[in-house]
Structure formats: structure tokens, C-alpha cells
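Given next are the chains, with one letter for each unit.
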Amino acid sequence: MAMSWHMMVEFEPPLVACIVSSADHSFAAMRATRECVIAIPALKLAPQVVQVGNSSGRSIDKFETFGLTPVPAHRVTPPLVAECFANLECKVADTRFVKKYNLFILEVLKAWTDPAQKKPKTIHHHGFGTFVVDGETIKLISKMR
Ligand SMILES: Cc1cc2nc3c(=O)[nH]c(=O)nc-3n(C[C@H](O)[C@H](O)[C@H](O)COP(=O)(O)O)c2cc1C
């Protein structure tokens, strides 16, 4: 699935919250396996992001259909996406908010980055096919990581 509703929750252990609709195949898969991979695409994958987010893994193999390459993960069964600049192997850490909000708390067990994609341009979903591409980086003095 494509996912835009997500946020960091904790540094140690690294926790990420995400909303996965109960209508999605991904919801059933995460419920059943308690594992997933968050694969982070750069700008060049935007068309595939939209295609992945407009179809269901219930009826098609999205890797094959959209020209993506599955790579075995180390700590979880679902594969990484080779074309993505970062991949996060996750286990479901808390399901207390799933019933009410479809909100899963995931713990990142292992993180990968692609050294070939040095400063990838990321995309940020504004809805209905509109995305903002990240721009200029600014550097300020700050104590916060
Ligand atoms: C850019 C984009 C972002 C999306 N973000 C979310 C999201 O945060 N949560 C969600 O439940 N569905 C989201 N969707 C919709 C799912 O990706 C979509 O329902 C998908 O078909 C589910 O696939 P699946 O049935 O294989 O799990 C998004 C779709 C797009 C195109």
C-alpha cells in the first residue's frame, strides 16, 4: 500500500505510528503476521506510489505489475523494495488503537538506506494525486535531533 498518514512516536526503541484502513489488504496482512516493511520512495517513484495506492494486493502482485523488485529482509518475512532509498523492517508493537482508529504502532527492527541514492528528493502527499517535492535544506543551531 501507499501510506501518507504516519508519524514518529519514539527514538528508543524507534516507534512509528501509522493509519491503515481496515478495508486494505495490508490491514489484514499486518493483523495476521504482525510484521511489515515501510519502504520510502524518492521522487522518481511517484507514479508507482500512486499506482500502488490505487490497487489492492488482494487481486494483483504489485511488485510484478508496477516493476518493483522485492529483496529479502533480515528480521521480517515481507520483502524490502529495492528501488526505495530507505527500507524499515518493522514489527507491530502495539495494537491498542487499531480498533478505534486503525492506528498501528510499529517498532523498527532494522533500517536500510541505499548508498546509491545520496540526496533523494522526497514527496509529500497533499491528496488526490497532488504531491509537494522537498526543496531547499536550511541548517540552524539546535539541540534537538
Ligand atoms: C499517496 C497515497 C497515500 C495513501 N495513504 C494512505 C494511508 O495513510 N492510510 C491508508 O489506509 N491508505 C492510504 N492510501 C490508500 C491505500 O494505499 C490503498 O487503499 C491501497 O489500495 C491499499 O492496498 P492494499 O489493499 O494492497 O493494502 C494512500 C494512497 C495513496 C495513493
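See the structure above.
Residues numbered from 1 in each chain as written. Predicted model: local features only at pLDDT ≥ 70, side-chain atom pairs only at ≥ 80, totals over all residues. Heavy atoms only, no water.

## Brief notes about the site of the ligand
Phase 1: Around the ligand, the structure places 20 residues, and the nearest of them are Ser21, Ser26, Ser55, Ser56 and Gly57.
Phase 2: One nitrogen or oxygen atom from the main chain of alanine 2 is found 2.8 Å from an oxygen atom belonging to the ligand.
Phase 3: With respect to the ligand, the backbone of serine 4 contributes an N or O atom lying 3.0 Å from a nitrogen atom.
Phase 4: Out of a free accessible area of 640 Å², the ligand has 84% covered by protein chains.
Phase 5: Of the residues in the shell around the ligand, the class split is eight nonpolar, ten polar and two charged. (Near = heavy atom within 4 Å. Polar contact = N/O pair within 3.5 Å; in protein donor to acceptor, adjacent residues only side chain to side chain. Areas by Shrake-Rupley, 256 points an atom, 1.4 Å probe, with all protein chains shown as cover. Nonpolar A, V, L, I, M, F, W, Y, C, P; charged D, E, K, R; others polar.)

## As for the pairing of strand β9 (residues 130-133)
Phase 1: Looking at chain direction, strand β8 (residues 123-127) and β9 are connected through four bridges and run antiparallel. Across the sheet, residue histidine 125 finds its bridge partner in β9, namely phenylalanine 131.
Phase 2: The loop that links β8 with its antiparallel partner β9 comprises two residues; one of these, phenylalanine 128, has a positive phi angle of about 50°. (Pairing = 2+ DSSP bridges. Helix = DSSP H or I, 4+ residues; strand = E, 2+ residues; numbered from the N terminus.)

## Some points on the sheet that holds strand β6 (residues 86-94)
Whenever strands of a sheet pair, they do so through backbone hydrogen bonds, lying parallel or antiparallel.
Phase 1: Read across the open sheet, the five strands follow the order β1-β2-β7-β6-β3; overall the sheet is antiparallel. Two strands bound the open sheet, and with one partner strand each, they are β1 (6-10) and β3 (35-40). Each neighbouring strand pair of the sheet contributes to a mean axis angle of 40°, computed without reference to strand direction.
Phase 2: With eight bridges joining them, β6 and strand β7 (residues 103-113) adopt antiparallel strand pairing. Within the sheet, the bridge partner assigned to valine 92 lies in β7 and is leucine 106. (Axes fitted to C-alpha atoms, helices over the stretch in contact; angles between N-to-C directions.)

## Observations concerning the packing of aromatic side chains
Phase 1: In the structure shown here, the tally under the stated rule is one aromatic pair.
Phase 2: Ring geometry for phenylalanine 27 against phenylalanine 104: centres 5.5 Å apart, planes inclined by 75°, an arrangement best described as edge-to-face. In this pair, phenylalanine 27 is assigned in helix α1 (residues 25-33) and phenylalanine 104 in strand β7, connecting sequence segments 77 residues apart.
Phase 3: Phenylalanine 27 sits in the buried class, given a relative accessible area of 13%.
Phase 4: Above the face of the tryptophan 112 ring, lysine 110 is positioned so that its terminal group lies 4.9 Å from the ring centre.
Phase 5: Here the basic side chain of arginine 145 rests over the ring of phenylalanine 11, its NZ or CZ set 3.6 Å away from the ring centre. (Phe/Tyr/Trp six-rings, centres within 6.5 Å; stacked < 30°, edge-to-face > 60°. Buried < 20%, exposed > 50% of the residue type's maximum accessible area, 1.4 Å probe, protein only. Lys NZ or Arg CZ within 6 Å of the ring centre and 35° of its normal.)

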